[in-house]
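# Structural features, examined
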2 protein chains.
Amino acid sequence: MNLKIHDRMQTFKREELNRIHRASMDILENIGIAFNESEALEIFEGNGFKVNGNIVFFVERDIFRALETTPSHFKIKARNPKRSVHIGEDDWVFVSTYGAPFICSSSGEKKPATMEDYDNICKLVQTSKFVDMNGFKHVQPCDVPPQTAYLDMLFSNIILCDKPYMGSTDSRQAARDSIEMAAILFGGKERLKEMPVMVSLINSLSPLQYSEEMAGSIIELARYRQPLVIANMVMAGASGPVRLAGLLALMNAEILAGMTLAQLAGPGTPVIYGTTSCPTNMKNIAASVGSPEAAIIASAAAQLARYYKLPCRSGGSLTDALVPDGQAMAEGSLILATSVRSGAHFILHACGMMGSYIGMNLEKWLIDEELCGMIRRMLTPVEITDETIDVESIKAVGIGGNYLMEPETLKHYRTEFFWNDLFCKEDHNTWSRKGSKRVEEFAADLLLRRLNTYRKPDIDPAIEADLTEFVTRRKEQKKIR
Amino acid sequence: MNLKIHDRMQTFKREELNRIHRASMDILENIGIAFNESEALEIFEGNGFKVNGNIVFFVERDIFRALETTPSHFKIKARNPKRSVHIGEDDWVFVSTYGAPFICSSSGEKKPATMEDYDNICKLVQTSKFVDMNGFKHVQPCDVPPQTAYLDMLFSNIILCDKPYMGSTDSRQAARDSIEMAAILFGGKERLKEMPVMVSLINSLSPLQYSEEMAGSIIELARYRQPLVIANMVMAGASGPVRLAGLLALMNAEILAGMTLAQLAGPGTPVIYGTTSCPTNMKNIAASVGSPEAAIIASAAAQLARYYKLPCRSGGSLTDALVPDGQAMAEGSLILATSVRSGAHFILHACGMMGSYIGMNLEKWLIDEELCGMIRRMLTPVEITDETIDVESIKAVGIGGNYLMEPETLKHYRTEFFWNDLFCKEDHNTWSRKGSKRVEEFAADLLLRRLNTYRKPDIDPAIEADLTEFVTRRKEQKKIR
């Protein structure tokens, strides 16, 4: 028995990671990646890459050169400096869900999401002990014009919450405006180049393509060295190989290509290696995001990211369930805990996601939030010293004794044990006398309390006025065009 | 960044494990362990141990000598040889819940459990793809006389299911009768000495005691070298130190003492090192079994067991929730997945446990069963070879292509992806048209199907008659006394 390795999750051998890397290089050299964006093609050509139409070919030297300028660890500055975060190596962050078109109720109804829903989630992030960053597109609001919704969302992100946030990659213009708004907030565009203030999400179009919006957003954001998650969601058996080994090679090739464009456009831009690839449910050709293979891929992604010395994004509390029931949390916690334990750094969809990304459930958001707190506690090392073991106290209590009233117990129990806000720890009689509530009912109560006690964080009124002016002007321009 | 270690769960350094071991030895040498059983005291005295009243003192040499005869891996023979299992090193088993006095409904009612409930769980184990062993005391039946209930349970275990099962440690007599019944089933008592056929659960009485029943059961079962889980459930801050470091030292001392008695009574008896220790909820002085500290202890137990080259039992799908809701499965899957991933071998309470051991919920049993299947799939290594990566197929599909109708997809999807029996993978419209069911409602449907399709496994009628005769006679004797 090997005493050193106690992890039953597969640890890939160096030779296995090399094999995946070589397969990805074969794909990049011989099939190439389509970039449907003219400036991206110009950048690649200008740097001596072989380009054929919209297809770019990469050799290993190109990838290694790009990796030379990617940091393995960086800081994201928040407008409230106490809430800045670190990403990479030992530091990871939990981030809300991204892109849900619907709000799902706990009884299973869905309705299109609104800006009010969006704002409520910003308020939950602001009041959260465990969610470290505000996201972007927690939900897709239906009650604002779609072409300028990103402006409303970015404005809410910045005004309602003083934690670091995510930028928009809805279009190249949205990425540009994310930079403009960050510049208003942080003292000018030139300062941004030396100071990551937001993280933006890039997704490749599998297999082996980048859309115009995504390639354009990489260029805009990398020019100001703002961190990018370069990610994909390859569906095994549909947009990628059915076998996980092949899927990893394809997924890896796409991410390396996007990472390379980011370094050409802005050397030193922090890149987070990401994926939420998963199997395809062959009964309805849908993504099975809550499957055990998704957890395998999450762990493999963390290992591949480490192979390239990049921080990693992998799955959050992902589920295929349509209500926040036992399935939702069995799938969600399996994937969330696997990702974090395996070493992922940017945990998107940590809170609230339902039904393979179809919707956001606010009660599940709070259930997931408690899970995030539990996982962070679980991964905090126990200090093993003669002082913490304290055999003398064990001798003092002796055989058959009781530790309840010991001074050591009173001194340490508040710091030694996780204090939960939501989960029921009552005995059956007390709980049934109070109405036999399920966790989503407790969460609905907590949701009201959290929203009622929310207080808008302070912001320099001049900055708020400038942001308001910017958003108003940009919306007017968009209407005219 | 260390490329080799990718596990954020604490891996104790050798020096930290040594420090816990030394503290445990200090406890064993200087406080000792109370054994409230006269033959146990005689065995210790006869082997030269220092005994003072009912307190036994141990030195390190005693522990190391006992460890010399404990196997790190063993096989449990089932009466259907195809269903025998291996325990230790790379092999682990999922086992049902143990000791629940109530049956909890999915809406939160509880009622005392009956033999019908007990038998239903044996039938679920028999028809399970993922639960490897039948347990003992899945529930505590209220409708049979308590002093002979173990006989009814053992009989059901053996007759209704042909997988390996657990013996009884309800009393020394119950342990003796477990041996008698196994002897009827497997061809005589002498044969048992070379052939583990059941696993029995021993619990110390924390802090630092063994009850008469448990010490007696160790002696009876070890004489026939039947495997023992030597375990405890120390409540941090109540029956043990509040700090986890001290709790580990106390817990370890108790287990080592029980292991030593087993080796003195029957050298070579397989011992599984076990714990489900957890914090005490200071609001109601109850065990908080679904807490993140319970997951930390589960992982630490697996590492301590490995330090002593023993197989490990740690937590299953444990929860403090009183309904099979999102909390139940968030807590349950966090602890179950942590235990298995960290290297535990005998996963008791894998299925069905509710509300800090207060009850068994049959719908949760099935939800947990699916989770067990997912975890086993998740921990199955992906083969990384040029053949499984198959770059040629990726080239054939090319940029923007579709893998759905590829021959490789059709060939592999059934074996590459986990096939779920229970969890909902439908789209929102289909699901809501069918009644917007929650997972516990799907589980209630599956429960009926499983019980309806159950078929009693074949057994030699002469053996069944002998077992019936034994149980009937023993019950008569118990009535007379």
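Refer to the structure presented above.
Below is a summary of the structure that appears in this document.

Rules used throughout
Residues numbered from 1 in each chain as written. Chains lettered and ligands numbered in written order. Predicted model: local features only at pLDDT ≥ 70, side-chain atom pairs only at ≥ 80, totals over all residues. Heavy atoms only, no water. Least-squares fit on C-alpha atoms with pLDDT ≥ 70 in both. Contact = heavy atoms within 4.5 Å. Pairing = 2+ DSSP bridges. Helix = DSSP H or I, 4+ residues; strand = E, 2+ residues; numbered from the N terminus. 1 Å grid on protein atoms, 1.4 Å probe; cavity = no way out; pocket = protein on both sides within 12 Å on 5 of 7 lines; lining within 4 Å. Points joined across faces, edges and corners; volume = space filled by probe spheres on them. Nonpolar A, V, L, I, M, F, W, Y, C, P; charged D, E, K, R; others polar. Axes fitted to C-alpha atoms, helices over the stretch in contact; angles between N-to-C directions. Parallel < 35°, antiparallel > 145°, perpendicular 65-115°, else oblique. Buried < 20%, exposed > 50% of the residue type's maximum accessible area, 1.4 Å probe, protein only. Buried area = accessible area lost by both parts, 1.4 Å probe. Salt bridge = Lys/Arg side-chain N within 4 Å of Asp/Glu carboxyl O. Polar contact = N/O pair within 3.5 Å; in protein donor to acceptor, adjacent residues only side chain to side chain. Core = buried A, V, L, I, M, F, W, Y, C linked by side-chain atoms within 4.5 Å. Arc of directions from axis to C-beta. Phe/Tyr/Trp six-rings, centres within 6.5 Å; stacked < 30°, edge-to-face > 60°. Lys NZ or Arg CZ within 6 Å of the ring centre and 35° of its normal. Left-handed = near helix turned anticlockwise from the far one by under 90°.

Superposition record for chain B on chain A: RMSD 0.0 Å, screw rotation 180 degrees, translation along axis 0.0 Å. On this basis, the relationship between the two copies can be described by a two-fold rotation axis. The rotation axis passes nearest to the C-alpha of G326(B) in chain B, at a distance of 2.2 Å. Mapped onto chain A, 99% of the interface residues of chain B are again interface residues, and the two copies thus contact each other with one and the same surface.

Here we take up the sheet that holds strand β7 (residues 102-104) of chain B. All names here are of chain B. With mixed pairing, the four strands of this open sheet are ordered in space as β8-β7-β20-β19. Among the strands making up the open sheet, the edge pair consists of β8 (110-112) and β19 (353-354). By the bridge criterion, two bridges tie β19 to strand β20 (residues 359-360) in an arrangement that is antiparallel. Residue pairing in the sheet places M353 in a bridge with M360 of β20.

A few words on empty space enclosed by the protein. All names here are of chain A. A complete count under the given rule lists nine cavities of 30 Å³ or more for this structure. It is strand β15 (residues 278-281) that contributes the most residues to the lining of the largest cavity, three residues altogether. In terms of residue class, the lining of the largest cavity is made up of eight nonpolar, six polar and four charged.

This brings us to the packing of helix α1 (residues 14-30) of chain A against helix α3 (residues 60-68) of chain A. Residues and elements named next belong to chain A. The N-to-C vectors of α1 and α3 enclose an angle of 115 degrees; their axes lie 10 Å apart at closest approach. Comparing their axes, α3 and α1 come out roughly perpendicular. On α3, the residues touching H21, M25 and L28 of α1 are E60, I63 and F64. Residue composition of the contact of α1 with α3, grouped by class: four nonpolar, one polar and one charged.

A word on the pairing of strand β12 (residues 228-231) of chain A. All names here are of chain A. Burial of the side chains of β12 extends over both faces: L228 and I230 are buried on one face and V229 and A231 on the other. Across four bridges, the pairing between strand β10 (residues 198-203) and β12 is parallel. The partner of N203 across the bridge, within β12, is A231. Note: β12 against strand β14 (residues 271-274), three bridges, orientation parallel. Paired with L228 across the bridge in β14 is V271.

Mapped onto the secondary structure, Q173(B) falls in helix α6 (residues 172-186). The residues contacting Q173(B), other than those within four sequence positions of it, are Y150(B), R474(B) and K478(B).

Taken residue by residue, the interface counts 138 residues in chain B and 138 residues in chain A. Looking at the side of chain B facing chain A, the largest losses of area belong to H6(B), R8(B) and R243(B), adding up to 8% of the total buried there. The tally of links between chain B and chain A comes to 18 salt bridges. Counting the contacts that link chain B with chain A gives 55 residue pairs in polar contact (both at pLDDT 80 or more). No other element matches the 12 residues that helix α11 (residues 326-342) of chain B contributes to the side of chain B that touches chain A. Taken together, the residues of the side of chain B that touches chain A break down into 64 nonpolar, 41 polar and 33 charged.

In this structure, F35(A), F58(A), M251(A), F346(A), F35(B), F58(B) and F346(B) are the most contacted members of the largest nonpolar core, which totals 350 residues. Apart from the residues within four sequence positions on either side, F58(A) is in contact with M25(A), L28(A), E29(A), I33(A), F35(A), F44(A), F49(A), I63(A), A257(A) and T260(A).

This paragraph deals with the environment of L124(B). Of note, L124(B) is situated in helix α4 (residues 115-126). Beyond its immediate sequence surroundings of up to four residues, L124(B) is in contact with L362(B), W365(B), L366(B), L447(B), R450(B) and L451(B).

Residue and element names in this part refer to chain A. Tracing the backbone through its elements, the reader meets S317 in the loop between β17 (312-313) and α11 (326-341). Separated by 2.8 Å, the side chains of S317 and D368 make a polar contact. Excluding residues that lie within four positions of it along the chain, S317 makes contacts with M329, G332, S333, L336, H349, A350, M353, K364 and D368.

Before going further, it helps to spend a moment on helix α15 (residues 407-416) of chain A. Within α15(A), burial applies to T409(A), H412(A), Y413(A) and E416(A). With its buried residues spanning 120 degrees around the axis, α15(A) presents them on a single face. Away from the buried face of α15(A) by more than 90 degrees, exposed residues P407(A), K411(A), R414(A) and T415(A) are located. Check the buried side of α15(A) and you find it contacts α12 (362-378) of chain A together with α9 (244-265) and α10 (292-307) of chain B.

This next bit is on the pattern of salt bridges. Tallied over the full model, the rule gives 68 salt bridges over all chains. D320(B) is paired through a salt bridge with K425(A); the nearest N and O atoms lie 2.7 Å apart. Here K425(A) lies in the loop between α15 and α16 (428-433) and D320(B) lies in the loop between β17 (312-313) and α11, a pairing that spans two chains. Side by side, D320(B) and K425(A) carry an identical accessibility label, which is buried. By sharing partners, the salt bridges in this structure join E37(A), E39(A), R172(A), R176(A), E220(A) and R223(A) into a single network.

Once that is clear, we can look at the packing of aromatic side chains. Under the definition given, this model contains 22 aromatic pairs over all chains. Aromatic side chains F44(B) and F49(B) sit 5.1 Å apart centroid to centroid with 65 degrees between the ring planes, which places their arrangement in the edge-to-face category. Just as F44(B) is buried, F49(B) falls in that class too. Geometrically, the ring pair formed by Y413(B) and W419(B) is edge-to-face, given 6.1 Å between the ring centres and 75 degrees between the ring planes. By relative accessible area, Y413(B) is classed as buried at 13%. Joined through ring pairs, the aromatic side chains of F35(A), F44(A), F49(A), F58(A) and Y210(A) make up one cluster. A cation sits over an aromatic face here: R376(A) above W92(A), 4.2 Å from the ring centre.

Right, let's talk about the packing of α10(B) against α11(B) for a bit. Residue and element names in this part refer to chain B. Put simply, α10 and α11 touch, their axes get as near as 9 Å, and they point 15 degrees apart. Compared by their axis directions, α10 and α11 come out roughly parallel. Read as a crossing pair, α10 and α11 show a hand that is right-handed. Within the contact between the two elements, α10 uses A294, A295, A298, S299, A302 and R306 and α11 uses I335, T338, S339 and S342. Classifying every residue of the contact of α10 with α11 gives five nonpolar, four polar and one charged.

What follows deals with the environment of R225(A). Residue and element names in this part refer to chain A. Note on placement: R225 falls in the loop between α8 (212-223) and β12. Exposure remark for R225: the relative accessible area of 26% places this residue in the partly exposed category. Taking the C-alpha atoms as reference, R225 lies 6.9 Å from P196; in sequence the two are 29 residues apart. Filtering out sequence-adjacent residues up to four positions away, R225 remains in contact with K193, E194, G266, P267, G268, T269 and P270. Here K193 takes part through its backbone oxygen, which lies 3.0 Å from a polar atom of the side chain of R225.

All names here are of chain A. Taking strand neighbours across the sheet as the criterion, the four strands line up as β8-β7-β20-β19 in an open arrangement whose pairing is mixed. The open sheet has two free edges, formed respectively by β8 (110-112) and β19 (353-354), since each of these has just one partner strand. Taken together, the three bridges between strand β7 (residues 102-104) and β8 define a ladder with antiparallel strand orientation. Across the sheet, residue F102 finds its bridge partner in β8, namely P112.

All names here are of chain A. For the bond running from S206 to P207, omega is 0 degrees, close enough to zero to count as cis. Mapping P207 onto the fold places it in the loop between β10 and β11 (209-210). For K137, which is not a glycine, the phi torsion comes out positive at approximately 60 degrees. Along the polypeptide, K137 turns up in the loop between α4 (115-126) and α5 (149-160). Assessed through its relative accessible area of 15%, K137 is described here as buried. With phi around 55 degrees, D390 is a residue other than glycine that occupies positive phi space.

The values are spatial; any link to function lies outside them.
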